[in-house]
Amino acid sequence: MNEIGEHVGLLLPVIFPMLAGAGVLLAKRLRDDRGKLVKAVILSLVAEAALICVSLAVGGSLAVWELTANFAIVFKVDGISRLFAALTGIAWLLVGAYAVCYMSHEGEGHRFFGYYLIVLGVLVGLDFSGNLITLYLFYELMTLTSLPLVLHGRTKEAVMAGLKYLFYSVAGAFLALFGIFFLAAATGTALDFVPGGMFTGMAPNASAALSNGALVDVAFDGREGLLLAAVFCLLAGFGVKAGMFPLHGWLPTAHPVAPAPASALLSGVITKAGVLAIIRVVYFVVGPDVIRGTWVQDTWVLLTLLTVFMGSLLAFWEPLLKKRLAYSTVSQVSYILFGLSMLHLTSFVGALSHVVFHSLIKDGLFLCAGAITMVTGKTRVKDMVGLGRGMPLLLGCYTVLSLALIGIPPASGFVSKWYLATGAMASGTGAWAWIGPAVLLASALLTAGYLLPLSIQGYFPGADFGMVKGGDGQEAKSQKLSAWMMFPVLLFTAGALLLGCFPGRLVAMLETIGSAVL
């Protein structure tokens, strides 16, 4: 195992929100006094954001618990950790501010915010994981602690959606566990994350693995096929959380029943946990050279492109706004997986940039959807005619975010999709080099088809239209959104636009990360 530094501070951003969440769940004063609850939650989120910033700046690594001489729970900060942890902290803080007002309409805010904080700590632990064993531990904890967010409404639909989320996640986890058992048995290590992967090649009867800083022989004795099968199980298992076909069904079921803040984070952040796990497996454990040109890469590419097109098509036909956005997430997260499957630097940069951009865009879109439903009581897109008269600023943000997701320049989605397409064409993957960009283009057209109708009928409803009514029968224009809800939406919209106009520093950082693993 690599030498571990004594950076105990890495534990703080993991433990602190868990303790704060437990305090919110247990403290009777917070449960009974909404003002105190709001203050406690906001202070906890701000403190956690500060702890994440300090941890990312300091870096280092820490072994928390050694199971055996070669297996330990390890936290480590590297470029990928910085990217995902920063994204998690920003999203949790902004969505938390939105939820302060939104959850007053849902009830039992203390239960929501308690688990909200606990999941934050678990995700930071996932981002900081230094080996595959640690990542798997926090990956499973993430499923269990995020389940109450889906179940929050405690309706029959919420319970069934929560069970579906749990069953799909557990099925994926079992698939991934097989791959972990095989790789751990072959290497005798906890599968530390090494840029470029531990396995340097696929010799006829052996590979080489990096353990304790030195190359050691790992004999597969003709079991190279089993190794590839184990890698595919890892990709398929972790792909469940990313919504990859065929185990994508939990996403469109869980999103509509969860509160809007939970839907935003399920789509914008928690799906990225599956992406992070796949990045770690392919680029930091196995190594891209092991699967390049094999049936594993071809199958992986095929599944991602099927998911991209299928998700967009289902979103196009879906009448419910939140479910439409959920199918959109199924499609858009597989843009990321497609970029990763090309095993090329440019497409890798496109994939990581789409991680950032999709998170900002989809968080903002779900917050817009939640605000629209809260004010109007409407859930179907066709019923939201004339929305621009009552909520012009909110619908404007929705429109800008939609254009960014479609990939209209200069918004951020254009940048990531440009890198994905050019990277695919330069990857040398045969027919996939042109099939992939063609599918991405078709998906972009479908994205415009399912997102823009709300903006069109919201601003240009026609001569004879019925104004969208609120749940109490009042016109939407008489309803005012709280600044707690509007300000995060504005920030997400600004981020989605400005990062597209000025992507240079982000792209340079991602190229540095990519150069270390490819």
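Residues numbered from 1 in each chain as written. Predicted model: local features only at pLDDT ≥ 70, side-chain atom pairs only at ≥ 80, totals over all residues. Heavy atoms only, no water.

This paragraph deals with helix α14 (residues 345-376). Here α14 contains 32 residues, and its C-alpha end-to-end distance of 46 Å stays within 8% of the 46 Å for a straight helix at 1.5 Å per residue. Counting buried residues in α14 gives 28 out of 32 residues, a clear majority hidden from the surface. Just beyond α14, the residue with positive phi is glycine 377, at close to 75 degrees. (Helix = DSSP H or I, 4+ residues; strand = E, 2+ residues; numbered from the N terminus. Expected span 1.5 Å × (residues − 1). Buried < 20%, exposed > 50% of the residue type's maximum accessible area, 1.4 Å probe, protein only.)

Core analysis: the biggest nonpolar cluster contains 167 residues, and Phe238, Val275 and Leu340 have the highest contact counts within it. Looking at which element gives the most residues to this core, the answer is helix α10 (residues 260-286), with 19 residues. Residues in contact with phenylalanine 238, not counting those within four places in the same chain, are Leu135, Tyr136, Tyr139, Gly172, Ala176, Gly274, Ala277, Ile278 and Val281. (Core = buried A, V, L, I, M, F, W, Y, C linked by side-chain atoms within 4.5 Å. Contact = heavy atoms within 4.5 Å.)

Its 14 residues give helix α20 (residues 504-517) an end-to-end C-alpha distance of 21 Å, which sits within 8% of 20 Å, the value for a rise of 1.5 Å per residue. Among the residues of α20, those classed as buried are Leu506, Val507, Leu510, Ile513, Gly514 and Val517. The buried side chains of α20 occupy one side of the element, clustering within an arc of 120 degrees when seen end-on. Along α20, exposed side chains directed more than 90 degrees from the buried face belong to Arg505 and Thr512. For α20, the secondary structure elements touched by its buried residues are α4 (79-102), α10, α11 (288-291), α14 and α17 (412-425). (Arc of directions from axis to C-beta.)

On to the pairing of strand β2 (residues 72-76). Both faces of the sheet carry side chains from a regular strand, because those side chains alternate between them. Of all 5 residues making up β2, 4 are buried, and the element is well covered by its neighbours. As paired elements, strand β1 (residues 61-66) and β2 share 5 bridges and run antiparallel to each other. Across the sheet, residue leucine 62 finds its bridge partner in β2, namely phenylalanine 75. (Pairing = 2+ DSSP bridges.)

To continue, consider the confidence of the model for the protein. Residues at a pLDDT of 70 or more form 89% of the protein, whose mean pLDDT is 84. Confidence drops under pLDDT 50 across residues 1-5; counting only partners more than four residues distant or on other chains, this segment forms 17 contacts. Within the model, pLDDT remains below 50 along residues 201-217, and this stretch shows 42 contacts once partners closer than five positions in the same chain are excluded. (pLDDT = per-residue confidence, 0-100.)

Now for a nonpolar patch on the surface. Together, Val159, Met160, Leu163 and Phe167 make up a nonpolar patch on the protein surface, roughly 370 Å² of accessible area in all. Take phenylalanine 167: it is sitting in helix α7 (residues 156-187). Under the relative-accessibility criterion, phenylalanine 167 is labelled exposed at 53%. (Patch = residues over 30% accessible without salt bridge, like charges linked within 9 Å, V, L, I, M, F, W, Y side chains within 5 Å. Areas by Shrake-Rupley, 256 points an atom, 1.4 Å probe, with all protein chains shown as cover. Salt bridge = Lys/Arg side-chain N within 4 Å of Asp/Glu carboxyl O.)

Packing of helix α13 (residues 321-341) against α17 leaves a shortest axis separation of 10 Å and a crossing angle of 40 degrees. For the crossing formed where α13 meets α17, the hand is left-handed. Residues Gln332, Tyr335, Phe338 and Gly339 of α13 form the contact with α17, whose own contacting residues are Lys417, Leu420 and Ala424. Classifying every residue of the contact of α13 with α17 by side-chain character gives 4 nonpolar, 2 polar and 1 charged. (Axes fitted to C-alpha atoms, helices over the stretch in contact; angles between N-to-C directions. Left-handed = near helix turned anticlockwise from the far one by under 90°. Nonpolar A, V, L, I, M, F, W, Y, C, P; charged D, E, K, R; others polar.)

A few words on unusual backbone geometry. In the segment running from phenylalanine 245 into proline 246, the intervening peptide bond is cis, with an omega of 10 degrees. Note on placement: proline 246 falls in the loop between α8 (224-241) and α9 (250-257). Here the amide bond leading from proline 409 into proline 410 is cis, since omega sits at 5 degrees, within 30 degrees of zero. With respect to the helices, strands and loops of the structure, proline 410 is situated in the loop between α16 (392-406) and α17. Non-glycine residue leucine 343 carries a positive phi angle of around 55 degrees. A relative accessible area of 4% means that leucine 343 is categorised as buried.

With that settled, consider the pattern of salt bridges. Applying the stated criterion across every chain, the model contains 2 salt bridges. Between arginine 280 and aspartate 78 there is a salt bridge, with the nearest N and O atoms lying 2.9 Å from each other. Remark: aspartate 78 occurs in the loop between β2 and α4 and arginine 280 occurs in helix α10; sequence separation between them is 202 residues. Across the pair, exposure class does not vary: arginine 280 and aspartate 78 are buried alike. Among the ionic pairs, arginine 292 bridges to aspartate 289, the shortest N-O distance being 2.4 Å.

Attention now goes to the packing of α14 against α16. Closest axis-to-axis distance for the α14/α16 pair is 9 Å, and the angle between their directions is 145 degrees. Of the two elements, α14 crosses α16, and the hand of that crossing is left-handed. Judged by residue contacts, His358, Leu360, Ile361, Lys362, Gly364, Leu365, Cys368, Ala371 and Ile372 of α14 engage Leu394, Cys397, Tyr398, Leu401, Ser402, Ala404 and Leu405 from α16. Counted by class, the contact of α14 with α16 contains 12 nonpolar, 3 polar and 1 charged residues.

Time to look at the packing of aromatic side chains. Under the defined criterion, the tally for this structure stands at 13 aromatic pairs. Here the aromatic rings of tyrosine 98 and tyrosine 102 are separated by 5.7 Å at their centres, their planes lie at 20 degrees, and the arrangement is stacked. Of this pair, tyrosine 98 and tyrosine 102 are both found in helix α4, 4 residues apart, which corresponds to roughly one turn of the helix. Comparing tyrosine 98 with tyrosine 102, the two get one shared label, buried. Geometrically, the ring pair formed by phenylalanine 112 and phenylalanine 113 is edge-to-face, given 5.4 Å between the ring centres and 80 degrees between the ring planes. (Phe/Tyr/Trp six-rings, centres within 6.5 Å; stacked < 30°, edge-to-face > 60°.)

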